[in-house]
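# Analysis of the macromolecular model
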Amino acid sequence: MALLFDVPDYKKIRVIIDTDAACEADDPFAIAQALMTPKFIVKGICAAQFGTPDTTAKSYGEILTVLDAMDMEAPVFMGEEGTLANVKGKELSPAAK
């Protein structure tokens, strides 16, 4: 979609999205909005957990679904699979790195 204006490069903002995308419907819409905002340069999308360790993978999958539906690309990173107390002393997730 062509816009009626151009955002100069010096006014663009680099953003990283941290999201529990599979938890509620608002996150996929926020991802889509950020990707379509001409002022944003989405440098990465990080999948977050929302309760139990398996939910990080669900969020990751939902992020990929949104990107696929929009026919867009962005770097996507898997976040921690548990709370900070549960991952203490373990290797950092790709999102944390």
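Report on the accompanying structure.

Quick notes on the rules
Residues numbered from 1 in each chain as written. Predicted model: local features only at pLDDT ≥ 70, side-chain atom pairs only at ≥ 80, totals over all residues. Heavy atoms only, no water. Pairing = 2+ DSSP bridges. Helix = DSSP H or I, 4+ residues; strand = E, 2+ residues; numbered from the N terminus. Right-handed = clockwise from strand over helix to strand, strands pointing away. Axes fitted to C-alpha atoms, helices over the stretch in contact; angles between N-to-C directions. Contact = heavy atoms within 4.5 Å. Salt bridge = Lys/Arg side-chain N within 4 Å of Asp/Glu carboxyl O. Buried < 20%, exposed > 50% of the residue type's maximum accessible area, 1.4 Å probe, protein only. Arc of directions from axis to C-beta. Core = buried A, V, L, I, M, F, W, Y, C linked by side-chain atoms within 4.5 Å. Polar contact = N/O pair within 3.5 Å; in protein donor to acceptor, adjacent residues only side chain to side chain.

## Structural notes on the pairing of strand 2 (residues 40–47)
Strand direction decides the pairing type here: strand 1 (residues 13–19) and strand 2, joined by seven bridges, are parallel. Of the residues in strand 2, the one forming a bridge with V15 is V42. Once you follow strand 1 into helix 1 (residues 26–36) and on to strand 2, the crossover reads as right-handed. Of the pairings in the sheet, the one linking strand 2 to strand 3 (residues 76–78) comprises three bridges and is parallel in character. Its bridge partner lying in strand 3, C46 is registered against F77. Following the chain from strand 2 across helix 2 (residues 55–70) to the adjacent parallel strand 3, one finds a crossover that is right-handed.

## Regarding the sheet that holds strand 2
Strand order across the open sheet formed by three strands is 1-2-3, with parallel pairing between neighbours. Of all strands in the sheet, those bounded by a partner on one side alone are strand 1 and strand 3. For this sheet the average axis-to-axis angle between neighbouring strands, irrespective of direction, equals 20°. Against the sheet, helix 2 engages strand 1, strand 2 and strand 3, with an angle of about 170° to strand 3.

## Structural notes on the pattern of salt bridges
Pairing between side chains of opposite charge can happen when the charged atoms of each approach one another. What the rule picks out here adds up to three salt bridges. Across the pair D9 and K12 runs a salt bridge whose closest N-O atoms are separated by 3.5 Å. A salt bridge links K97 to E91; the nearest nitrogen and oxygen atoms lie 2.9 Å apart. Exposure class is identical for K97 and E91. Each is exposed.

## Here we look at helix 1
For helix 1, the set of buried residues is D27, P28, I31, A32, A34 and L35. Viewed end-on, helix 1 has its buried residues packed into an arc of 165°, placing them on one side of the element. In helix 1, the exposed positions angled more than 90 degrees off the buried face are occupied by F29 and M36. Buried residues in helix 1 make contact with strand 1, strand 2 and helix 2.

## A few points about the nonpolar core
Residues I31, V42, I45, I63 and L67 are the most contacted members of the largest nonpolar core, which totals 14 residues. Filtering out sequence-adjacent residues up to four positions away, L67 remains in contact with L35, I45, M72, E73, A74 and V76.

## Here we look at the side chain of T37
With respect to the element layout, T37 can be found in the loop between helix 1 and strand 2. A relative accessible area of 18% means that T37 is categorised as buried. Polar side-chain contacts of T37 include one of 2.6 Å to the backbone oxygen of Q33.

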